[in-house]
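Inside the fold
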Amino acid sequence: MHEVIISEKPKSAEKIAKALSSKAQKKKYGRKVSYWEFEENGKRTTVLSAVGHLYSLTSATSRDRLGFDLKWVPAYEVEKNSGYVRDYVYAIKKLSKDADKFVHACDYDVEGTLIGYNALKYACGNNAEAKASRMKFSTLTKKDIVDAYDHMIDIDLHQVDSGIARHMLDYYFGMNISSALMKAVRSSSSRRISLSAGRVQTPTLSILVDREKEIQSFIPQPYWQIKAKSDFDIIANHVEDKIFDEERAKRIFDECQGADATVTNVNVKETIRKPPIPFNLGGLQSEAHTVFGFSPKRTQVAAQNLYVGGYTSYPRTSSQKLPESLGFKEIFAGLLKDEEFRKHIADLPAKLKPNEGKKEDAAHPAIHPTGVLPSNLSPDEEKIYRLIVYRFISVFSEDSKLETMKVDLNVNNEEFVFSRKRVSHEGWLKHYPFKKQEADEFPPLKKGDFLKIHEIISEEKETKPPARYNEASLIKELEKRELGTKATRADIIAKLYDRKYIDGKKIEVKPLGVHIIDTLKQYCKNLTSEELTREFERELDCLSADKITKEEILANGEKEVRSILKDINNNQKEIGSKLYESYQESNVVGECSCGGKLLKKYSRRNKQTFIGCSNFPQCRNTYSLPKGANILKSTCPTCGLPMISIKRKGQKGREHVCLDPNCGKEVSKRRAPEVVGKCPECGRDLLKRSGRFGEFVGCSGFPQCRFSCQLKDLDKILQEKSEELSK
């Protein structure tokens, strides 16, 4: 008997094989693909792996890959940089040919289920997906793997349908609409530019554009804050805090000069701080950004590596709950082997009861350590691992207590107030080193005491615009608005950066991103609609609960996309010209000496980025852009061109230089082409040039006018044209 187990990644295959048998041996298919094999009790088991999605969608009927009739094909046939997938597809086909039994052992979520299902259906063939059993685990520890193997379940076909529907919807919206937008640009400008739109991507960009416009249109208002400095390093604020009336602020400031304060009230209260709740993926990403400054994608990669290593549980979960079945005592027994963790675990109460959040996930519990201590972690993985472990310890800890002191003061009948905070009982804070503890000194004050005021301060400030999103706060916003999934939100944001729609850690929308949303809102509003995207997410959730069919969801999706495509086609010229105009604006890097704009361009022939003038072909100024160069906002003091940042080989750090490598050097001027007459087609100058076949003349209006001829034939052609005109 031959059993084939399909896992999601090569490292997972190794973990599964070693957990199921001590006899598992690593083998090679070709030079690149590793797999594992062992034989026990007359049964041969082969553990194979995918490398994420082995199969992608493409059009079943159209050569240009557009449409709604889709099929699954190997990813290497339709995606760039996926040639390595070919080896894994061939390996699964070859090594599963004689199998009698199939096991689906990919990650237990919608994406993992679809990855394994497609590998079984298209690579293994012979109806393998119908014969296969399913392993369900949340950690890659030996205990969980063996338990999942001993208690296998059927493949959840609702999960499969949900995965298929999500991918097809994303294709409907992403591929079809992106292509329609690029076609609109070509029809209006004869230029090819790369644009992308998406079911979740476009509403996400719309959220950022709305915030950008709020910031740009914000008009700051001046206000004043009056403060009183006293003993014990007290700085008390006037009770109104922000005073928008300048005359009133001046009157309060003047009347408080030279006056002392009377303590009118002292209120000290103690509040309970419950332990934090366990991490789900969004919570982990947010905390890692706050503590380490990690982007959500960076956190997700590190957490996935820890899971594959068997050190933490499956990260792509929305759960904030830790069921007792995880075996808390066993996990802590493993962590006790680390001296640093042991000090914290020793203080935990005897009864282990976690403080949990409200969110649940049917597939996986909250993120937690497995108790297996790691080795050879990268710096990122080490930081995320410690964050997960300390959060796990702290959720079982005692409440923390915070003491707050609030003191009211009277200064010449004007009310002032100040407050102090200190932790009176550490509780869980003792076990969570990433949270700063308040430790203010409480001054010995009581009602009726007098305080000497040393200085009255008046500070003029301005109201600030809404804060820009960062990646972590944007993920929280998407989660709040029910856009995207826990697994896709970080990738959506990364795509917006890749497309140059947004920039910066504090996210700023570039002109191209703003104009795309403005144009789409004007001509095809549904594409930017959050409600439409949210409704599809709800339908996909209902599909998993068997309340709607895949076919119904796809029919709704096709109807919406066809409506959007109709809007784009009806306004093709207007949409194309506006998008191309905004694309050019987003690529402006400076001013050309001729008065035109210097644009960042890409040469398909040389496959290089360069800087050229918007007045081409009349102005042929071009500047090469060294590989890895960054264009700076500063300009060269000598010639006024943009400065660039480059890294020279063998040098530490980056060097700032002028875009023109000849700036400041003596450069021989190129002789201007000789004018030999007027173009008989358009009346512009005819220029004498040299080519492979000798001297020729061409119109200076190229490429709008394409008249050219050999120099020796010029007189004859001009004579013929003259005779035609005289007739």
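Residues numbered from 1 in each chain as written. Predicted model: local features only at pLDDT ≥ 70, side-chain atom pairs only at ≥ 80, totals over all residues. Heavy atoms only, no water.

Formed by 91 residues in total, the largest nonpolar core has its most connected members in L54, F173 and I177. With 13 residues, the top contributor of residues to this core is helix α6 (residues 157–189). Discounting chain neighbours no more than four positions away, the residues touching F173 are S178, A197, G198, R199, L527, L532, F536, G557, E560, V561 and I564. If you look at the next biggest cluster of nonpolar residues, it comprises 36 residues, including F279, I345, F396 and L429. (Core = buried A, V, L, I, M, F, W, Y, C linked by side-chain atoms within 4.5 Å. Buried < 20%, exposed > 50% of the residue type's maximum accessible area, 1.4 Å probe, protein only. Helix = DSSP H or I, 4+ residues; strand = E, 2+ residues; numbered from the N terminus. Contact = heavy atoms within 4.5 Å.)

A separate point is a negative patch on the surface. Residues D245, E246, E247, E460 and E462 make up a contiguous surface patch of negative charge. Counting residues per element, the ones that place at least two in the negative patch are α8 (246–256) and β16 (453–462). Within the secondary structure, D245 is located in the loop between β11 (234–238) and α8. (Patch = residues over 30% accessible without salt bridge, like charges linked within 9 Å, V, L, I, M, F, W, Y side chains within 5 Å. Areas by Shrake-Rupley, 256 points an atom, 1.4 Å probe, with all protein chains shown as cover. Salt bridge = Lys/Arg side-chain N within 4 Å of Asp/Glu carboxyl O. Lys, Arg positive; Asp, Glu negative; His and termini not counted. Charge placed at Lys NZ, Arg CZ, Asp CG, Glu CD.)

Another aspect to go through is helix α17 (residues 530–544). Taking 1.5 Å per residue, 15 residues should reach 21 Å; α17 reaches 22 Å between its end C-alpha atoms and fits that length. Regarding α17, the residues found buried are L532, T533, R534, F536, E537, E539, L540 and L543. Considering only its buried residues, α17 is in contact with α6, α7 (201–217) and α18 (550–570). A side-chain oxygen of the first residue of α17 lies 3.3 Å from the backbone nitrogen of E531; this N-cap is S529. After α17 finishes, the residue D546 shows a positive phi value of roughly 65°. (Expected span 1.5 Å × (residues − 1). Polar contact = N/O pair within 3.5 Å; in protein donor to acceptor, adjacent residues only side chain to side chain.)

Sheet faces and side chains relate simply in a regular strand, where the side chains alternate between the two faces. Here strand β20 (residues 597–603) pairs with strand β21 (residues 608–613) via six bridges, running antiparallel. In the sheet register, L599 faces β21, and the bridge partner there is G612. Pairing between β21 and strand β22 (residues 622–624): three bridges, direction antiparallel. Residue pairing in the sheet places G612 in a bridge with T622 of β22. (Pairing = 2+ DSSP bridges.)

The next thing to look at is the packing of helix α9 (residues 281–292) against helix α13 (residues 379–394). Two numbers describe a pair of packed helices, the interaxial angle and the distance between the axes. As a packed pair, α9 and α13 sit with axes 11 Å apart at the nearest point and diverge in direction by 115°. Classified by the angle between their axes, α9 and α13 sit roughly perpendicular to one another. α13 is crossed by α9, and the crossing has right-handed handedness. Between α9, through L284, E287, A288 and F292, and α13, the contact on the second element is made entirely by K383, I384, L387, I388 and R391. Class assignment for the residues of the contact of α9 with α13 results in six nonpolar, no polar and three charged. (Axes fitted to C-alpha atoms, helices over the stretch in contact; angles between N-to-C directions. Parallel < 35°, antiparallel > 145°, perpendicular 65-115°, else oblique. Left-handed = near helix turned anticlockwise from the far one by under 90°. Nonpolar A, V, L, I, M, F, W, Y, C, P; charged D, E, K, R; others polar.)

Predicted confidence across the chain gives a mean pLDDT of 89, with 96% of residues reaching 70 or more. Ignoring residues within four places in sequence, the model shows residues 666–670, a span with pLDDT below 50, making one contact including any to other chains. (pLDDT = per-residue confidence, 0-100.)

Moving on: the packing of aromatic side chains. In the structure shown here, the tally under the stated rule is 16 aromatic pairs. Measuring from centroid to centroid gives 5.8 Å for F173 and F536, while their planes differ by 75°, and the two rings are edge-to-face. A residue pair is termed long-range when its members are at least 10 positions apart, and F173 in helix α6 and F536 in helix α17 qualify at 363 residues. In this pair, the class of F173 matches that of F536, namely buried. (Phe/Tyr/Trp six-rings, centres within 6.5 Å; stacked < 30°, edge-to-face > 60°.)

The strand order across the open sheet formed by seven strands is β2-β3-β4-β1-β7-β8-β9, and the pairing between neighbours is mixed. The open sheet is flanked by β2 (25–29) and β9 (153–154), the only strands paired with a single partner. Taken together, the six bridges between strand β1 (residues 2–7) and strand β4 (residues 43–49) define a ladder with parallel strand orientation. Bridging from a neighbouring strand, I5 pairs with V47 of β4. Against the sheet, helix α2 (residues 85–95) touches β1, β2, β3 (33–40) and β4, its axis set at about 110° to β2.

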